[in-house]
Amino acid sequence: MISKFVREQKRYTQENLRNIFDCTAEKTVAIIKKLKEYGVLKAVKATDVQKDMSDLIEKDIEVIDVEVGENEHLYVFTFVGVITVLDCILKCYPKYISNVAPKTELKQIIKVLERYNSKEQIIRMYNDSEEGNSFNLLSVMIYLLNDYHENGAYTNTQDIIETNGSGEILWDKTINETFTYLSNNRPYYPELFTQKRINDDFDYFKRIHESIISICSRELQDADLLDLFDILPVEVSDEELDDFRETDYILYRIQNELNLQFNTRKQLLLKTLYAYIAHSSTLVDIDCFTMFGTNSFNLVWEKVCAEVLDNQLQTPLGSLPISLANGYNPQDLLISLIEKPKWNGYTQDGTEFQKIANETLIPDLVSIHKVNNSHQFIIFDAKYYTIQLEQGKKLRGQPGIVDITKQYLYQLAFKRFVNDHGIQDVQNCFLLPTEQQGIIVKGYVSLEMLDAMGLQSIKIRQLPAEMMYSHYLSSEKMDIGLLYF
């Protein structure tokens, strides 16, 4: 099994991929087809324009049949995370990283992805594709190991009855089955039956759990993934699944155990073990395809920025760090101030009626904070772009005109609220990730016709992704003053 790094949104030729996969041309094509099937690899025309692009435009994607030696197309990964395909491990890192083997950076990003997905409370047991779905072995392995480190091995208990033990006294059994001495009309029992509950170290399901955990640990270690996912190795059993009899019997026993258990963690664990055994395979199996990550890392970047920069869109107006003006309901959310489209129609007799749409403009995040003795009202838009804005070089990788006009409109949507509260300092800002260690004041973008309406030009700030992720993982806020408005 080989383990290689690939870069999101980079254009690769078929020959490039063959060198990365270190395999025959035929196997390279098979891997490409499998990656395309699951939507993590796209094809575009091999043009000079495409070679210089850092983002993928939907209209540029080509639907093609991949053939050996074909060089008319370039291939683009649209995924951040880890993929296993045909005994090959692909570690896909974000497009803004230039390091060709960013193990440390990807390790942090994996933690961000785990936290981003943690609220879903599900295990992604299946990968969806155009042709159906397949078992997501990697996701199941990671869940089992993380669960083991957090909760330990599956346990069942045994009730042990002892004579004069330290457990709870069984009075009915003691009274009915032992001799009683009477003294002054009071009964005395020289022997007491007691009961204590102990863990059964030889429980069938505990042994299966420990066996599978050990197998998963060895396999991820061989694939060089344990360290990437920051998981400690586990070696608590040398038993193989064959030691527990045939697969159908094991599944039968697990199903019966499920019917007896009402503990949520035990039920989820048993179901996961059942799925692992029922789809018994390894990462090196020829037909194994599994992944951990996302096709939409832009949404992850938006979430990170929203938390770290204290998004207040869902905050009640009464809880904002300002003195609320008259005429505003303290219970209303800040986002509710954005006007919704009103559709006006006419009935057959000419009477006018009105319908209000459900959807409207939604900024990524808005933050109000105090600077000295005044307030700043800042409208942020987290943009997952790698912009090239350098003197003497071609402009590329920038947000589009729709993004720009929407950002102006966000300010217009809050203009009345801002004026009613005497806020003089309003800022618009695009937030882009960078692998650099410091915040970069990149510049700004403007439209004169909208500037003439008293709206602010849009600042461009590149934020150190490593710093933003660190704040996100530790649930810390960033000082907005560092953005130098």
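Overview of the structure. Not measured: the values here are computed from a predicted model. (Residues numbered from 1 in each chain as written. Predicted model: local features only at pLDDT ≥ 70, side-chain atom pairs only at ≥ 80, totals over all residues. Heavy atoms only, no water.)

Quick look at the pattern of salt bridges
Point 1. Using the criterion set out here, one finds 20 salt bridges in the structure.
Point 2. Put simply, Asp87 and Lys27 hold a salt bridge, and the shortest N to O gap is 2.8 Å. With a gap of 60 residues between them, Asp87 in the loop between β6 (80-85) and β7 (88-93) and Lys27 in helix α2 (residues 25-37) connect regions that are remote in the sequence.
Point 3. Relative accessible area serves as the criterion here: at 25%, Lys27 is assigned to the partly exposed category.
Point 4. With its nearest N and O atoms 3.4 Å apart, the salt bridge here joins Asp381 to Lys383. For the pair shown, Asp381 and Lys383 are each scored as buried. (Salt bridge = Lys/Arg side-chain N within 4 Å of Asp/Glu carboxyl O. Helix = DSSP H or I, 4+ residues; strand = E, 2+ residues; numbered from the N terminus. Buried < 20%, exposed > 50% of the residue type's maximum accessible area, 1.4 Å probe, protein only.)

Remarks on the sheet that holds strand β21 (residues 440-445)
Point 1. Strands sit in the order β18-β19-β20-β22-β21 across an open sheet of five strands; the sheet is mixed. Each edge of the sheet is formed by a strand with only one pairing partner; in this case those strands are β18 (365-371) and β21. For this sheet, the mean angle separating the axes of adjacent strands, direction not counted, is 30°.
Point 2. Pairing geometry for strand β20 (residues 425-434) and strand β22 (residues 458-464), over seven bridges, is parallel. Along β22, the bridge assignment pairs Cys429 with Lys459.
Point 3. In the packing of helix α11 (residues 401-413) onto the sheet, the strands contacted are β19 (374-382), β20, β21 and β22, and the crossing angle to β20 comes to about 145°.
Point 4. With respect to the sheet, helix α14 (residues 465-473) is in contact with β20 and β22, its orientation differing from that of β22 by roughly 75°. (Pairing = 2+ DSSP bridges. Axes fitted to C-alpha atoms, helices over the stretch in contact; angles between N-to-C directions. Contact = heavy atoms within 4.5 Å.)

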